[in-house]
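# Structure assessment
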Amino acid sequence: MAGSLAGEEAAVVGGRRGGPLIVTEDVELLDDLLRLCAAAGAEPEVHHGPPGRRGSWERAPMVLVGDDAAARCRGAERRKGVMLVGRDQDDPDVWRRAVEIGAEYVLRLPDSEGWLVDQIANAAEGVGRPALTVGVLGGRGGSGASTLACALAVSAARSGRRTMLIDADPLGGGIDVLLGGERAEGLRWPDFAQSKGRLGGGALEDSLPALHGLRMLSWGRDDEVVIPPQAMRAVLAAARRLGGVVVVDLPRRVDEGVAEALAQLDLGLLVVPGELRAVAAAKRVASTVGMVLDDLRVVPRGPYASGLDGSWVARAVGLPLVGELPWESGLLDSQDDGTPPGGNARSSLARFCAAFWDQMAAAGDTSPVTGPPGGGTA
């Protein structure tokens, strides 16, 4: 996944920072940069040269220096996040000026506009490492995938992780029902169906229902709404930028929207009941999902048919084994009492989820940083 130019040491989790510092006297370039800041939801500070008062240059999450102002910025303190911005695609001296001011990137407009909007928004939001994003789907209907997705999210939130649970299965009955939040206030998928481009991570989080220490995006109770790929992309990208954990409850079928969700996952968990027909169905699901998702793992679920166990199920499906999902006979009774799946920290399901998150934390996660189109690194 694409990274952010905002350094982790400067990231602010859970809140917004100031906008970028813009240094230019070029009126047309300034208009362009102000427009891009507005698109990113950031309020910039504008100067014709390096700010006279100490601190503004150093504290800004990023600095956008116009070509016209490069000479005036030669003596400014060297720092990360400085970008030299202009329009001349054929300027032979641009790299020399970039080195003189310590710019990390040289950007040419309009080619780099989309990339720059993302970086401005990332810097303003204080984005650090993207969220670990886990998708859960069933090998067959009724496998317990939604239950596991809920339990993973509840367990992650209980451990102090910033958590978002996203229901990507419109025919699943609503994951908010499993959490006991069908009446909770907040936006649902129909409110995001027309989303395009970039959504603010903080705005998304604030708009969703809050339950059991996590944020949840589920479906409405009206007619089925089709979520276009661009809307799925916008929502999941915003959720990932917040950091922490994102859990996605997925259907077994793969349409364009689901394919977009799969493309943004770090890993997928395929829940497979321990019986032969479920294994046969799961192999077909794994084959389809595997065309989009590289890291798909199996979670067998008992009780098992005679002669089967979790290791056999994993070998038959042809996927790595995460662990065997415990069966809880009193799960429905707990939900009637208002306890969501995984809500009882002493239950076998909650212990399974806690062990999974510990395993993921031990494995760690890194994401590369990508450069801008129409520009480059200095």
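Throughout what follows, the structure given in this document is the object of discussion. The shown structure was predicted, so the numbers you read here are calculated from the model rather than taken from an experiment. Every residue gets a number counted from 1 within its own chain, in the order that chain's sequence is written. The predicted nature of this model means local features are confined to residues of pLDDT at least 70 and side-chain atom pairs, given and counted, to a pLDDT of 80 or more, with totals for whole chains, interfaces and linings taken over all residues. Only hydrogens and water are removed before side-chain values are computed, so all heavy atoms of the structure are retained for them.

### Notes on the nonpolar core
Proteins that are soluble and globular tend to have nonpolar side chains buried together. What is meant by a nonpolar core is a set of buried Ala, Val, Leu, Ile, Met, Phe, Trp, Tyr and Cys residues, joined one to another through side-chain atoms within 4.5 Å. Type-normalised accessible area, obtained with a 1.4 Å probe on protein chains alone, sets the label of each residue: buried when under 20%, exposed when over 50%, and partly exposed for intermediate values. Ranked by internal contacts, the top residues of the largest apolar core, which has 44 residues, are Ile 166, Trp 189, Leu 250, Leu 270, Val 272 and Val 317. A run of H or I in DSSP counts as a helix once it spans at least four residues, and a run of E counts as a strand once it spans at least two, with each numbered from the N terminus. Going through the elements one at a time, strand 7 (163-167), helix 8 (229-241), strand 10 (245-249), helix 9 (256-263), strand 11 (267-273), helix 10 (276-289), strand 12 (296-301) and helix 11 (310-317) are the ones with two or more residues in this core. Contacts are assigned to residue pairs with any non-hydrogen atoms lying within 4.5 Å of each other. Sequence-distant contacts of Trp 189, that is, excluding residues within four places in its chain, are made with Ile 166, Asp 167, Leu 217, Ser 218, Trp 219, Ile 227, Ala 231, Met 232 and Val 235. Core analysis: the next-biggest nonpolar cluster, separate from the first, contains 35 residues, Val 245, Leu 269, Val 322 and Phe 352 among them.

### Comments concerning helix 1 (residues 27-40)
Residues three or four positions apart in an α-helix share a direction because the helix packs 3.6 residues into each turn. Here a helix's expected span is defined as the number of its residues, less one, multiplied by 1.5 Å. Here helix 1 is 14 residues long and its end C-alpha atoms lie 20 Å apart, about the 20 Å a rise of 1.5 Å per residue gives. Among the residues of helix 1, Leu 29, Leu 30, Asp 32, Leu 33, Leu 36, Cys 37 and Ala 40 are the ones counted as buried. Projected down its long axis, helix 1 shows its buried positions confined to an angular sector of 160 degrees, all on one face. Facing away from the buried side of helix 1, by more than 90 degrees, are the exposed residues Val 27, Glu 28, Ala 38 and Ala 39. For helix 1, the elements touching its buried residues are strand 1 (21-23), strand 2 (45-47), strand 3 (63-66), strand 4 (82-86) and helix 4 (113-125). Capping the start of helix 1, Asp 26 holds a side-chain oxygen 3.1 Å from the backbone nitrogen of Glu 28, two or three residues further along. Where helix 1 terminates, the next one or two residues include Gly 41, which has phi positive at roughly 75 degrees. By arc we mean the arc of the directions from the helix axis to the C-beta atoms, nothing more. As used in this structure description, the phrase polar contact means that two N or O atoms lie within 3.5 Å; if the pair is within protein, one of them must be able to donate a hydrogen and the other to accept it, and residues adjacent in sequence are counted only when both atoms belong to side chains.

### Here we look at the sheet that holds strand 10
Judged by pairing direction, the sheet is mixed, and its seven strands sit side by side in the order 8-9-7-10-6-11-12 without closing on themselves. In this open sheet, the two edge strands, each paired with only one partner strand, are strand 8 (210-211) and strand 12. Any two strands between which DSSP finds at least two bridges are classified as paired. By the bridge criterion, six bridges tie strand 11 to strand 12 in an arrangement that is parallel. Bridging from a neighbouring strand, Leu 270 pairs with Val 298 of strand 12. What counts as an axis is a line fitted to C-alpha atoms, over the stretch in contact for a helix, and the angles between N-to-C directions run from 0 to 180 degrees. On the sheet, helix 10 packs against strand 6 (132-138), strand 11 and strand 12 and is oriented at approximately 165 degrees with respect to strand 11. The sheet contacts of helix 11 involve strand 11 and strand 12, and relative to strand 12 the element is tilted by about 140 degrees.

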